[in-house]
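Structural overview for review
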Amino acid sequence: MRVGIGYDIHRLVPDRPLVIGGVVIPFPLGLEGHSDADVLLHAVADALLGAVGEGDIGRHFPPDDPRYRRVPSTDLLRTVASLLARQGYVPANVDATVVAEAPPLAPHIPQMRRVIAAILALDPQAVSVKATTHERVGGLGRGEAIAAVAVVLVERRRPEAAAPAAAPGGVAAPEGRSGPGAPGGGSGA
Ligand SMILES: [Zn+2]
């Protein structure tokens, strides 16, 4: 298992839709950025990339690359999930916090969880999204920006889980794995 953390912040500006966690939220201001500036999905994507040592989304989706202009961040997260899978990892759970003075996000959180869970092939119960204000402190507290932080746990994909070898009527023997407790076991990376 490996863990990753992601952090992101975007300015609130006029004439932009407010998209957080893949949900369009009615609000006079939206987040500024070259994509849809979905601060929550960016934090989650960065956490996933961090968990497998693949840098950040700025590296994989350069802001000056016209291909990623106005691209929905749901697409970016989907691409990151594929990259993770190619490395042999799948997400186990996500925990995230969005810091926004306004608007109230609570009504939208169930949908955000469903969106993220669907992209990462997780149960929504394994995707936690929380919202807090910044207690009117600083730029975040004045509503000039919205930030998000996310932590993810990823685990090695088990090929046998994807393609179960059907032993008719047979009960598989418990995995006799030589765990990390085995003497003389070398430490992995
Ligand atoms: Zn971002």
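Placed above this text is the structure.
The structure contained in this document is the topic of the report that follows. As the structure is a prediction and not an experimental result, all values here were calculated from the model. (Residues numbered from 1 in each chain as written. Predicted model: local features only at pLDDT ≥ 70, side-chain atom pairs only at ≥ 80, totals over all residues.)

1. What about the nonpolar core?
Residues Leu40, Val44, Leu48, Ala96 and Val98 are the most contacted members of the largest nonpolar core, which totals 44 residues. For this core, the secondary-structure elements that each account for two or more residues are strand 2 (18-20), helix 1 (39-51), helix 3 (73-86), strand 5 (89-99), helix 4 (109-120), strand 6 (127-132) and strand 7 (145-156). Counting residues per element, this core draws most heavily on helix 1, which supplies ten residues. The residues contacting Leu40, other than those within four sequence positions of it, are Ile20, Gly21, Ala96, Val98, Met112 and Ala148. (Core = buried A, V, L, I, M, F, W, Y, C linked by C-beta atoms within 7 Å. Buried ≥ 20, exposed ≤ 12 C-beta atoms within 10 Å, placed from the backbone. Helix = DSSP H or I, 4+ residues; strand = E, 2+ residues; numbered from the N terminus. Contact = placed C-beta atoms within 7 Å.)

2. So, the packing of helix 1 against helix 3
Taken N-terminus to C-terminus, the directions of helix 1 and helix 3 make an angle of 10 degrees; their axes are 10 Å apart at the nearest point. On the basis of the axis angle, helix 1 is roughly parallel to helix 3. Contacts from Leu41, His42, Val44, Ala45, Leu48 and Leu49 in helix 1 reach Ser73, Thr74, Leu76, Leu77, Val80 and Leu84 in helix 3. Taken together, the residues of the contact of helix 1 with helix 3 sort by class into nine nonpolar, three polar and no charged. (Axes fitted to C-alpha atoms, helices over the stretch in contact; angles between N-to-C directions. Parallel < 35°, antiparallel > 145°, perpendicular 65-115°, else oblique. Nonpolar A, V, L, I, M, F, W, Y, C, P; charged D, E, K, R; others polar.)

3. Things to note about helix 4
If you check helix 4, its first and last C-alpha atoms are 16 Å apart, about what twelve residues at 1.5 Å a residue would give, namely 16 Å. Along helix 4, the positions that sit buried rather than exposed are Met112, Arg113, Val115, Ile116, Ile119 and Leu120. Projected down its long axis, helix 4 carries its buried residues within an arc of 160 degrees, all on one side. Looking at the packing, one finds that the buried side of helix 4 touches strand 2, strand 3 (23-25), helix 1, helix 3, strand 5 and strand 6. Looking at the residues trailing helix 4, positive phi occurs at Ala121, about 55 degrees. (Expected span 1.5 Å × (residues − 1). Arc of directions from axis to C-beta.)

4. Examining the packing of helix 3 against helix 4
One can describe the packing of helix 3 onto helix 4 by two numbers: an axis separation of 9 Å at closest approach and a directional angle of 35 degrees. For the element pair helix 3 and helix 4, the recorded crossing hand is right-handed. Across the interface between the two elements, Thr74, Leu77, Arg78 and Ala81 from helix 3 touch Val115, Ile119 and Leu120 from helix 4. Taken together, the residues of the contact of helix 3 with helix 4 break down into five nonpolar, one polar and one charged. (Left-handed = near helix turned anticlockwise from the far one by under 90°.)

5. Re helix 1
Here helix 1 spans 18 Å end to end across 13 residues, near enough to the 18 Å set by a 1.5 Å rise per residue. Taking burial as the measure, the 13 residues of helix 1 include 13 buried ones, the bulk of the element. Positive backbone phi, approximately 65 degrees, marks Gly53, located one or two places after helix 1.

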